[in-house]
Amino acid sequence: MHRSSLSSSPSFSVSAVRQAFPILARQVHGRPLAYLDNAATTQKPRAVLDAIEHYYVTCNANVHRSPHRLSEEATHAYESARQTMARFLNAADPAEIIFVRGVTEAINLVATSFGQWRIGRGDEIVISEMEHHSNIVPWQLLCERTGAILRVIPIDDHGDLILDELPKLLNARTRLVAVTHMSNALGTINPVKQIIDMAHAAGAAVLIDGAQAASHTRIDVQALGCDFYAISGHKMYGPTGIGVLYGRRELLSQMPPYHGGGEMIEQVTWQGTTFREPPARFEAGTPDIAGAIGLAAAVDYLESVGLDAIAAHEDTLLDYATRELSAIDGLRIIGTAKRKGPVVSFTVEDVHPHDLGTILDAQGVAIRAGHHCAQPVMHRYDLVATARASMAMYNTTEEIDALVGGIRRAMEMFR
Amino acid sequence: MNSELDDLYREVIIDHSRHPRHFHVMEDADATAEGFNPFCGDRVTVYLKKQDDRLADISFQGKGCAICMASASIMTQTVRGRRTDDALRLFDWFHNLLTVDQPSTQPPDEQAEPLAVLAGVRQFPIRVKCATLAWHALKTAMTRGGGVASTE
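Computed from a prediction, not measured in an experiment: that's the story for all the values here.

Caption draft 1: Looking closely at the domain arrangement of chain A. Residue and element names in this part refer to chain A. In terms of domain boundaries, chain A breaks down into domain 1 (14–32 + 306–413) and domain 2 (49–303). For domain 1 versus domain 2, the distance between C-alpha centres works out to 28 Å. Tallying the contact residues gives 36 residues for domain 1 and 29 residues for domain 2. Of the roughly 2800 Å² buried between domain 1 and domain 2 on both sides combined, carbon and sulfur atoms contribute 55%. Of all residues in domain 1, Leu307, Arg339 and Arg380 give up the largest surface area on contact with domain 2, accounting jointly for 24% of the area buried on that side. Between domain 1 and domain 2 we count four salt bridges in total. As a salt-bridge pair, Asp160 and Lys338 come within 3.4 Å of each other at their nearest N and O atoms. Joining domain 1 to domain 2, the criterion identifies 22 residue pairs in polar contact (both at pLDDT 80 or more). For the side of domain 1 that touches domain 2, the secondary structure elements donating two or more residues are helix H11 (307–326), strand S14 (343–348) and helix H13 (375–380). Here the side of domain 1 that touches domain 2 is built from residues that sort into 21 nonpolar, eight polar and seven charged.

Rendered as structure tokens:
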């Protein structure tokens, strides 16, 4: 059993990592916090908090506008953040990085803008049964607006996509395939490269929802060959309210604007308005400058710890949690896919997930209970809700032991 | 904290959640209403039979957490036979018990006393909706004759 030497990487130290996250020192209800709700949002390292403060303390100004030193510095910091994100995703060009509020806004942007350009009545969009509501509802709205048709790749009992069904769903009318890289409710990591190749062979563009994957796996948009890739800063140790939509330049440059306003225009007259090239075309108004700087600091931090070392540590945690939870009589793990990120969804006999969440909280253990914004997944398993423990780089096996102890206590209360 | 937890999950509450009272569909109900909490997916349906302006009979069906089920069960016991305006006043008292800063903790009458075991919910603001879901459905059934009540 792995106890202290958790990682295969000699340089990775979970205690050093924990030192970098001030919030982990706090107590909840008199117990040390065991934060296992990372799929909802991750905690922020000191480096991110410092970067945001540094921006406001030293060079707060609007970007791309005013002829003064502060604005120059703010613009430089903001555009450097764009370059950091381009490097992180291995985009060919920083102009392919659009700062948005998060994955939800990224997908709505594509649904609206790509939708307006490419999707009409009778055209088809393919998503999967394991999508988060943010990768379902924008497409349903688009279908209502345009008369396009939404098709769904089913999942099996383990929570793996039934990929054999995909060729049957693809045809000459398929305009876009939008799937998650990693399921927030089941933990499944999807074979996105294979999906992208299949969709491209059918002539469809592909959007990958990377909200969950970005903090756990190395992402290379060029190697994947996807057309769009969306990430949320707050799920990868960055601030809330900031995220990135990567879009292939060739597509972005042909797409109409999403929001109208300042910064995205070339010329505005009463006869009409012309728009700037990407990314400016898609960043109307004053952007979240501090958020972008904070997100870039999160990426720098992730890379300083090492993505491979983080993944190795999280794999160990996932194996440990899966083994320990499986040993509890009456506990059923929902989501047993072949490849998983560090997420374990489960139900406990006779204890409703919501009650379990409250009882665990009283012991300092923070988990999520509910439908995880993925109601179709819950329906697929004939459930209303599950409990979910989701791990991050700073979690330890001791915290999983606290989770297991808390579950046993809850089961005793309801026995 | 653990005493707060014990206050929340009193034995009476666990008993009601495992063996809810008046827990059945009422085929000949005069009014039914569903309560749905989109936050957690809990769902209860409340059935009423009215006689003049009294709740001659009440039952419920549904699926939810222990707090939701126990509260619905205790509700049926405490409002059965009441006049509808009296039942609405009791909901107000119960809602205040869980939400206002210095509530009146004395139940308004003897029949209402079992509600006091739910007072521990006030220490868990996120769970107040669980405890009031069935009450929202009851209110909808009484005042609108039926429909869907949401805690949102």
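That covers the picture; the talk isn't over yet.
Caption draft 2: Just the pattern of salt bridges, in detail. For the coordinates displayed, the defined rule picks out 36 salt bridges over all chains. Two residues, A:Arg65 and A:Glu263, come together in a salt bridge whose shortest N-O distance is 3.2 Å. With A:Arg65 in the loop between helix H2 (46–58) and helix H3 (69–89) and A:Glu263 in the loop between helix H9 (249–252) and strand S11 (265–269), this residue pair connects regions lying 198 residues apart in the sequence. Between A:Asp157 and A:Arg380 there is a salt bridge, and its shortest N-O distance comes to 2.9 Å. One end of the pair, A:Asp157, is in the loop between strand S6 (149–153) and helix H6 (166–169); the other, A:Arg380, is in helix H13, and 223 residues separate them in sequence. Residue class for A:Arg380 comes out partly exposed when judged on its relative accessible area of 24%. Each of B:Arg82, B:Asp86, B:Arg89 and B:Asp109 takes part in a single network of salt bridges with overlapping partners.

Caption draft 3: Local environment of the packing of H2(A) against helix H10 (residues 289–305) of chain A. Residues and elements named next belong to chain A. Two elements in contact, H2 and H10, have axes separated by 8 Å at closest approach and are oriented at 145°. Classified by chirality, the crossing of H10 by H2 is right-handed. Within the contact between the two elements, H2 uses Ala47, Val48, Ala51, Ile52, Tyr55 and Tyr56 and H10 uses Ile289, Ala290, Ile293, Gly294, Ala297 and Ala298. Counted by class, the contact of H2 with H10 contains eleven nonpolar, one polar and no charged residues.

Caption draft 4: View of the side chain of A:Thr174. Residue and element names in this part refer to chain A. Along the chain, Thr174 turns up in strand S7 (residues 174–180). A polar side-chain atom of Thr174 sits 2.8 Å from the main-chain amide nitrogen of Asn171. Beyond its immediate sequence surroundings of up to four residues, Thr174 is in contact with Glu124, Val126, Leu169, Gly203 and Ala204.

Caption draft 5: Main features of unusual backbone geometry. Residue and element names in this part refer to chain A. The omega angle of the peptide bond from Pro278 to Pro279 is 5°, so this bond is cis rather than trans. Mapped onto the elements of the fold, Pro279 is located in the loop between strand S12 (272–275) and H10. In this model, Asn90 sits at a positive phi of 55°, which is unusual for a non-glycine residue. By the secondary structure assignment, Asn90 is in the loop between H3 and strand S4 (97–100). With a phi angle near 60°, His372 is a residue other than glycine that sits in the positive phi range. On the secondary structure map, His372 appears in the loop between strand S16 (368–370) and H13. For His372, a relative accessible area of 0% corresponds to the buried category.

Caption draft 6: Spatial organisation of the interface of chain B and chain A. With 21 residues of chain B in contact, the opposing surface of chain A contributes 17 residues. For the pairing of chain B and chain A, the buried interface totals around 1700 Å² over both sides, and the portion due to carbon and sulfur atoms is 57%. Remark: the boundary between chain B and chain A carries three salt bridges. The partner of A:Arg409 in a salt bridge is B:Asp6, with the nearest N and O atoms 3.7 Å apart. Where chain B packs against chain A, one counts eight residue pairs in polar contact (both at pLDDT 80 or more). When residues of the side of chain B that touches chain A are assigned to their parent elements, the largest contribution, four residues, is made by helix H1 (residues 2–8) of chain B.

Caption draft 7: Focus on the nonpolar core. With 88 residues, the main nonpolar core has A:Leu89, A:Tyr229 and A:Met393 as its most contacted residues. For this core, the element with the highest residue contribution is H10(A), accounting for twelve residues. Two domains share this core, each providing at least three of its residues, namely domain 1 (14–32 + 306–413) and domain 2 (49–303) of chain A. In contact with A:Leu89, not counting residues within four places along its chain, are A:Ile97, A:Ile219, A:Asp220, A:Val221, A:Tyr229, A:Ile231, A:Val244 and A:Tyr246. Membership of the second largest hydrophobic core comes to 77 residues, among which are A:Ala362, A:Ala387, B:Phe124 and B:Leu138.

Caption draft 8: Structural view of the sheet that holds S16(A). Residues and elements named next belong to chain A. Here four strands make up an open sheet; going across it, the order is S13-S14-S17-S16 and the pairing antiparallel. Every other strand in the sheet has two partners, leaving strand S13 (331–334) and S16 as the edge strands with one partner each. Between one strand axis and the next, the sheet turns by 30° as a mean value, whatever way the strands run. Sheet strands touched by helix H12 (residues 353–361): S14, S16 and strand S17 (386–390). Its angle to S17, the strand with the most contacts, is close to 40°.

About the thresholds
- Residues numbered from 1 in each chain as written.
- Chains lettered and ligands numbered in written order.
- Predicted model: local features only at pLDDT ≥ 70, side-chain atom pairs only at ≥ 80, totals over all residues.
- Heavy atoms only, no water.
- Domains from an automatic or database assignment.
- Contact = heavy atoms within 4.5 Å.
- Buried area = accessible area lost by both parts, 1.4 Å probe.
- Salt bridge = Lys/Arg side-chain N within 4 Å of Asp/Glu carboxyl O.
- Polar contact = N/O pair within 3.5 Å; in protein donor to acceptor, adjacent residues only side chain to side chain.
- Helix = DSSP H or I, 4+ residues; strand = E, 2+ residues; numbered from the N terminus.
- Nonpolar A, V, L, I, M, F, W, Y, C, P; charged D, E, K, R; others polar.
- Buried < 20%, exposed > 50% of the residue type's maximum accessible area, 1.4 Å probe, protein only.
- Axes fitted to C-alpha atoms, helices over the stretch in contact; angles between N-to-C directions.
- Left-handed = near helix turned anticlockwise from the far one by under 90°.
- Core = buried A, V, L, I, M, F, W, Y, C linked by side-chain atoms within 4.5 Å.
- Pairing = 2+ DSSP bridges.

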